[in-house]
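Structural overview for review
These are the residues of each chain, in order.
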Amino acid sequence: MKKIHTQTFKTPFGDLILGAFDNQLCLCDWKYRKMRKSIDARIQAGLNAEFVEGDSPVFADAINQLKEYFEGKRKTFDLPLLPVGTPFQNQVWKALLQIPFGKTASYLELSQQLGNPDAIRAVASANGANAISIIIPCHRIIGSDGSLVGYAGGLDAKKKLLLLEGVKASADKNQIALF
């Protein structure tokens, strides 16, 4: 069976699991997220491979770029990515990559961008299934009312990531100002 090399990376906001397949990043996800088993099973099945702790050349680049991001020195990532999901999930994840650093969008805006304004729940589900967190910026998705909504790394991590990117928090701890 083929191998997906994995490694844990400690960040200022929590532990990430990195996964590489054929020197492409297929996993950069919160280690202790609720959907950990189902996400891992989807990736392994999709690549017909098993997880094995080990190193990959892409890890050094990913860790370096993530560190620069956390230090406020990087706004975009330049890594070979291999998102594993359905065609619809991949369409959503590609749209997420278009949301610039420091900006946010709602599930409704994302579903409208994809040409299906009634697909809000499907878009939300695909967003939640993203296994390449931060790099594919699912943390930039908020509720239509500006509220912070579900995030695999937890709402505290989501808020910190948005603040790192310069999105200003409002007086309500669960909402952000969008101006």
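Residues numbered from 1 in each chain as written. Predicted model: local features only at pLDDT ≥ 70, side-chain atom pairs only at ≥ 80, totals over all residues. Heavy atoms only, no water.

Just so we agree on the cut-off: UniProt positions are given in the numbering used here, feature names are shortened, and annotations may be inferred rather than shown by experiment.
For the protein, the name recorded in an unreviewed UniProt entry is Methylated-DNA--protein-cysteine methyltransferase, with Algoriphagus taiwanensis as its organism. The Sequence similarities (unreviewed entry) field of the UniProt record for the protein holds the comment "Belongs to the MGMT family." Database annotation for the protein, UniProt heading Function (unreviewed entry): "Involved in the cellular defense against the biological effects of O6-methylguanine (O6-MeG) and O4-methylthymine (O4-MeT) in DNA. Repairs the methylated nucleobase in DNA by stoichiometrically transferring the methyl group to a cysteine residue in the enzyme. This is a suicide reaction: the enzyme is irreversibly inactivated."

A short note on the packing of aromatic side chains
Definition in use: Between rings of Phe, Tyr and Trp, where Trp is taken as its six-membered ring, a pair exists when centres lie within 6.5 Å; planes separated by under 30 degrees are stacked, by over 60 edge-to-face, and by other angles tilted. Only DSSP runs of H or I covering at least 4 residues are called helices, and only runs of E covering at least 2 are called strands; the numbering of each starts at the N terminus. For every residue, the accessible area (1.4 Å probe, protein chains only) is compared with the maximum for its type, and the residue is labelled buried under 20%, exposed over 50%, or partly exposed between those bounds.
Within the structure shown, the criterion is met by five aromatic pairs. On the numbers, 5.4 Å between centres and 80° between planes, the contact of F13 with F70 is edge-to-face. Of this pair, F13 sits in the loop between β1 (2-11) and β2 (14-21) while F70 sits in helix α2 (residues 57-70), placing them 57 residues apart in sequence. Judged by relative accessible area, F70 falls into the buried class, the value being 13%. An angle of 40° between the planes, with centres 5.6 Å apart, marks the rings of Y69 and F77 as tilted. Neither residue differs from the other here; Y69 and F77 are each classed as buried. Pairwise contacts between aromatic rings join F13, Y69, F70, F77 and F101 into one cluster.

Topic: the pattern of salt bridges
The cut-off we apply is this: We define a salt bridge as a side-chain nitrogen of Lys or Arg found within 4 Å of a carboxyl oxygen belonging to Asp or Glu.
Counting across every chain of the model gives nine salt bridges. When the shortest N-O distance is used, the salt bridge between R36 and D40 registers 2.8 Å. Residue R36 and its partner D40 are both found in helix α1 (residues 36-47); the two are separated by four residues, about one turn of the helix. For R36, a relative accessible area of 10% corresponds to the buried category. In this structure, the salt-bridge partner of E71 is K73, at a minimum N-O distance of 3.3 Å. Using a relative accessible area of 64% as the deciding quantity, one classes K73 as exposed.

With respect to the state of the cysteines
Operational definition: Pairs of cysteine sulfur atoms within 2.5 Å are identified as disulfides in what follows.
One pass over the structure, following the stated rule, counts zero disulfides. Free of any disulfide, C28 has its nearest neighbouring cysteine sulfur in C138, separated by 9.9 Å. Its relative accessible area of 0% is what places C28 among the buried residues.

What to know about the UniProt feature "active site" (unreviewed entry) in the protein
We apply this condition: Any two residues having at least one pair of non-hydrogen atoms within 4.5 Å are treated as being in contact.
Annotation from UniProt places "active site" (unreviewed entry) at C138. Mapped onto the secondary structure, C138 falls in the loop between α5 (120-128) and β6 (141-142). Contact partners of C138, with chain neighbours within four places excluded, come to L96, N127, N130, S133, Y151 and K158.

Notes on the side chain of T11
Note the cut-off: Any pair of nitrogen or oxygen atoms within 3.5 Å is treated as a polar contact; in protein, a donor-acceptor pairing is required on top of that, and neighbouring residues in sequence qualify only through side-chain atoms on both sides.
Note that T11 resides in strand β1. Looking at T11, the relative accessible area reads 11%, which means it is buried. A distance of 3.0 Å separates the side chain of T11 from the backbone nitrogen of F13, its partner in a polar contact. A polar contact of 2.6 Å, which involves the side chain of T11, links it to the backbone oxygen of G14. Residues contacting T11, with those up to four places away along its chain left out, are L16, W30 and F70.

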